[in-house]
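Observations on chain architecture
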Amino acid sequence: MGFYHFLSLGIILFTIGAVGFLIRNNTIVLLMSVELMLNSVNLIFVAFSRYLYGTEGQIYVFIIMTIAAAEVAVGLAIVISIYRLFGTLDISKIKLLKG
Amino acid sequence: MIEQAVFWLLGATMIVGGLGVILMPNTINSVMSLLLSMLALAGIYVLMGAHVVALFQVIIYIGAVLVLFIYVIMLLNLKEGGLKLPMEASTYLIGGSSLGLLVVVVWLFWQSLWGTSFRGDGGDLQASATLHQLAVDLFSQHILIFELTSVLLLVAAVGAIIISKK
């Protein structure tokens, strides 16, 4: 397999995550789509690290994983408080800003 | 040969899992699809020789992040869900223009990378960087972002408690 196999896989996964972020209404599924996009970026980082013989790619992957864990902790706390406030997680029904 | 078969199998599993995340009507099924996708991704990391990254993928993502997702879904006891896509004219307009933008981005990516020679074979299971090498690099050149990340993690933990507090 060449580098482009892994790169294509990462691009496809990122596209799936981005489309999911745009078409779904459920807030938890939106967070999971963000996770998918972060994972695809990780895959591309590791592929570059593999083919350029460096360790930086893998180190950045560790940092991204830590940031993702922090993001999920804060995001799910926000989800819980949204559910407490509105009784729903459908973001098309949550419009305090009347957008 | 066997590496190629493993690559296509894991890649197909990952993409099917990713599609399941965004298409499953029930949220818990989405989480299980995400689990499938991340396990396949860990396998791809092993195939690329990034054993340490695969280990952390399993520990952090599957062990911590997905458990947190499942915990919140069970806590909230969600009934709603499903894919409700409003089929209006603007939907097709925005979808078509996003697709066009995606094609342009992929084309630019390909143009800038094409002709770059990447030596070596990705699927040979040889470790690309040993744990020792990674640790030395992390704690010498990248010590600043390491420390900043630990501070950020502390802030996020405190913030999550304060936000979810009644």
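Note that the structure is a prediction, hence the values are computed from the model and not measured.

Along its length, chain A carries 3 helices and 0 strands. Along chain A, helices (α) and strands (β) appear in the sequence α-α-α when read from the amino end. For 99 residues, the compact-globule formula gives about 13 Å, and the C-alpha radius of gyration of chain A, at 17 Å, lies well above that figure. Counting only C-alpha atoms, chain A reaches 50 × 25 × 20 Å along its principal axes. Burial analysis of chain A (99 residues in total) assigns 46% to the buried set. Partitioning the contacts of chain A with sequence separation of at least 6, the portion at a separation of at least 24 is 46%.

For chain B, the assigned domains are domain 1 (1-82 + 123-128) and domain 2 (129-166). Once you take the C-alpha centre of each, domain 1 of chain B and domain 2 of chain B turn out to be 23 Å apart.

Counting residues at the interface gives 55 residues for chain A, matched by 61 residues for chain B. No other element matches the 20 residues that helix H3 (residues 56-86) of chain A contributes to the side of chain A that touches chain B. Its residues assigned to classes, the side of chain A that touches chain B shows 36 nonpolar, 15 polar and 4 charged.

Across its 26 residues, helix H3 (residues 51-76) of chain B extends 36 Å between first and last C-alpha, which sits within 8% of the 38 Å expected from 1.5 Å per residue. Maximum bend of H3 of chain B: about 25 degrees, positioned at Tyr61 of chain B. For H3 of chain B, every residue scored as buried is listed here: Val52, Val53, Phe56, Gln57, Tyr61, Val65, Phe69 and Val72 of chain B. On the buried face of H3 of chain B, the contacting elements are helix H2 (27-51) and H3 of chain A together with helix H2 (27-47) and helix H5 (131-140) of chain B. At the exit of H3 of chain B stands Asn77 of chain B, carrying a positive phi of roughly 55 degrees.

Next up on the list: the nonpolar core. Counting residues in hydrophobic clusters, the biggest one holds 54 residues, and the most contacted among them are Met32, Leu43 and Val46 of chain A together with Ile44 of chain B. Of all elements in the fold, only helix H1 (3-23), H2 and H3 of chain A together with helix H1 (2-23), H2, H3 and helix H6 (143-164) of chain B reach the threshold of two or more residues within this core. At 12 residues, the largest contribution of residues to this core is made by H2 of chain A. Residues in contact with Ile44 of chain B, not counting those within four places in the same chain, are Leu43 of chain A together with Leu10 and Met14 of chain B.

In this structure, Gly43 of chain B sits in helix H2. In sequence terms Gly43 of chain B and Val6 of chain B are 37 residues apart; their C-alpha atoms lie 8.8 Å from each other.

Quick look at the environment of Met65 of chain A now. Its location among the elements puts Met65 of chain A in helix H3. In sequence terms Met65 of chain A and Glu35 of chain A are 30 residues apart; their C-alpha atoms lie 9.7 Å from each other. Those residues within four positions of Met65 of chain A in sequence are excluded, and the remaining contacts are Phe56 and Ile60 of chain B.

Calculation rules
- Residues numbered from 1 in each chain as written.
- Chains lettered and ligands numbered in written order.
- Predicted model: local features only at pLDDT ≥ 70, side-chain atom pairs only at ≥ 80, totals over all residues.
- Helix = DSSP H or I, 4+ residues; strand = E, 2+ residues; numbered from the N terminus.
- Rg over C-alpha atoms; globule rule 2.2 N^0.38 Å.
- Buried ≥ 20, exposed ≤ 12 C-beta atoms within 10 Å, placed from the backbone.
- Contact = placed C-beta atoms within 7 Å.
- Domains from an automatic or database assignment.
- Nonpolar A, V, L, I, M, F, W, Y, C, P; charged D, E, K, R; others polar.
- Expected span 1.5 Å × (residues − 1).
- Bend = angle between axes of the 7 residues up to and from the residue.
- Core = buried A, V, L, I, M, F, W, Y, C linked by C-beta atoms within 7 Å.

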